[in-house]
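Here's the letter readout for the chains.
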Amino acid sequence: MSDIDYIRHLEHADKEYIWHPFTQMKDWLEENPIIITEGRDCFVKDCYGKWYLDGVSSLWVNIHGHRRKEIDEAVKSQLDKISHSTLLGLGNVPSIELAEKLIGLTDAAFSDLQPRLSRVFYSDNGSTAVEVAVKMAFQYWIHRGKNGKKSFLSLKNGYHGDTVGAMSVGNVEIFHNVFQPLLFKTFKAPSPYCYRCELGKTCPECSFACLREMESILADHSDEIAAVVIEPIVQAAGGMIVWPDGYLKGIRELCVKYDTLLIADEVATGFGRTGKMFACEHESIVPDIMCLSKGITNGYMPLAVTLASEEIFNAFLGDFRDLKTFFHGHSYTGNPLACAAAIASLDIFAKDETLHNLVPKSAIIDYKLTEMRQLQHVGDVRWKGLVAAVELVRDKKTNAPFLWEEKIGWQVAYEARNDGVLIRPLGNVIVIMPPLTISIGDLNHLMEVIKKSIISVTG
Ligand SMILES: Cc1ncc(COP(=O)(O)O)c(C=O)c1O
């Protein structure tokens, strides 16, 4: 088969056999799919040999760029030992070394703050990291003798994954509505989405009216609420909503006041994305349970962890017959290849001075977004570290959105593709989330292409 025939075969077979996630397949079947064959640094190549700048880090997972030699070698070296062995009843070397490293990392990030995160529970992806957290919090209170604490409080516009528990604590209407009858009931507090404040207030004059709403739910239901579940600092899939300073600390204080656990889902924000290793560091708070995934292996392999405090861990200790065991686990829990990739990825932070080097890049984002804010259909721009968003609106005076059916975000994304840039919008929100190692030149280029694409689509 000639090269071009093979490419045609792949395009055909993709449409014939694959059901793509979060994709209207009718549209997909009518499009020319991009099929990726190779990656290097911040770029990926399609099967025709065209290179694209990876403007969303292959769905927010790639931190240090594609094909990092150090991680390639760590995985290859682990392959020579063993690819998989279970953590159910056995240990394995990379999972132990990674757990030690992660606890060292959180100790360094949160220094003397309490509680100390001291235990690592492995799973495979962001959704399962959240499922684990939810089940752990639920069972914790049973062991503490507070059986009434069976529910959860989370935020509107929150997104924690697509499994049933993670959807139950989430709230992105367009994703979750159809599944509503399947989900367990949870309490929902307003999101601090200041651009579209549902309470009609203006920050900071409001003095966090949304936090007061949360407090009133907690005051009325603290004996029912096991945990407050949040995405700290940036609510990602709900529209890259960047929180006002002080809001996260306010939540932490409420959790202490009303004796409920705090679960921080750092699946999107962890590993430097917001400019600190963990987003919770911005407000010097530590959650009781923290979920991590995505960037943990630099996008090499599916892996997630749920970190817990010693107090939570201790509550599960008991005699075998007490049935205090945490009955949860997956076949690939603590997979040695994935853990080896994660160890190598964590080592790169120090070597590359990744966080230090983000400072001038954040400044570029700041400058370029300030320029974009002037455009006729840009309603809001928001960013933190190396996550940024541009919210497009039909009418800038009234903030009236484009109808979602217009797929305005996708129109911009398709336009950017012509200029060799891959982005994936969230409705009317253009998401900018390149690998943290992107060069200053490539970042400037990315921002310019996005600006040009917005102008070309919206006029
Ligand atoms: C904050 C957050 N939590 C959980 C998830 C789910 O992660 P996964 O897609 O790996 O299941 C995501 C995915 O985007 C996320 O952004």
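Everything discussed here concerns the structure shown above.
Just so it is clear, the structure is predicted and the values come from calculations on it, not from any experiment. (Residues numbered from 1 in each chain as written. Predicted model: local features only at pLDDT ≥ 70, side-chain atom pairs only at ≥ 80, totals over all residues. Heavy atoms only, no water.)

Caption draft 1: Region of the structure containing the pairing of strand S3 (residues 51–54). Of the pairings in the sheet, the one linking strand S2 (residues 43–46) to S3 comprises three bridges and is antiparallel in character. Considered in S3, the bridge of Lys45 is made with Trp51. In textbook terms, the turn of a hairpin is the stretch between consecutive antiparallel strands, and for S2 and S3 this stretch comprises four residues, one of which, Gly49, has a positive phi near 90°. Alignment of S3 against strand S16 (residues 421–422), held across two bridges, turns out to be parallel. Looking at the pairing, Asp54 lines up with Leu422 of S16. (Pairing = 2+ DSSP bridges. Helix = DSSP H or I, 4+ residues; strand = E, 2+ residues; numbered from the N terminus.)

Caption draft 2: Quick peek at the site of the ligand. All residues adjacent to the ligand are Trp60, Asn125, Gly126, Ser127, Tyr159, His160, Gly161, Glu231, Asp265, Val267, Ala268 and Lys294. One of the side-chain nitrogen or oxygen atoms of Ser127 is found 2.5 Å away from an oxygen atom of the ligand. Separating an oxygen atom of the ligand from a side-chain N or O atom of Lys294 is a distance of 3.2 Å. For the ligand, whose accessible area on its own is 390 Å², the fraction buried by protein is 84%. Residue composition of the shell around the ligand, grouped by class: four nonpolar, five polar and three charged. (Near = heavy atom within 4 Å. Polar contact = N/O pair within 3.5 Å; in protein donor to acceptor, adjacent residues only side chain to side chain. Areas by Shrake-Rupley, 256 points an atom, 1.4 Å probe, with all protein chains shown as cover. Nonpolar A, V, L, I, M, F, W, Y, C, P; charged D, E, K, R; others polar.)

Caption draft 3: Representation of the pattern of salt bridges within the structure. In total, this model carries 23 salt bridges according to the counting rule given. Arg196 is paired through a salt bridge with Glu391; the nearest N and O atoms lie 2.7 Å apart. With a gap of 195 residues between them, Arg196 in the loop between strand S6 (187–189) and helix H9 (209–221) and Glu391 in strand S14 (residues 387–395) connect regions that are remote in the sequence. Looking at Glu391, the relative accessible area reads 5%, which means it is buried. With a closest N to O distance of 2.7 Å, Arg382 and Asp380 form a salt bridge. Relative accessible area serves as the criterion here: at 7%, Arg382 is assigned to the buried category. The exposure class assigned to Asp380 is buried, which follows from its relative accessible area of 12%. Because the salt bridges share partners, they merge into one network encompassing Arg196, Arg373, Asp380, Arg382 and Glu391. (Salt bridge = Lys/Arg side-chain N within 4 Å of Asp/Glu carboxyl O. Buried < 20%, exposed > 50% of the residue type's maximum accessible area, 1.4 Å probe, protein only.)

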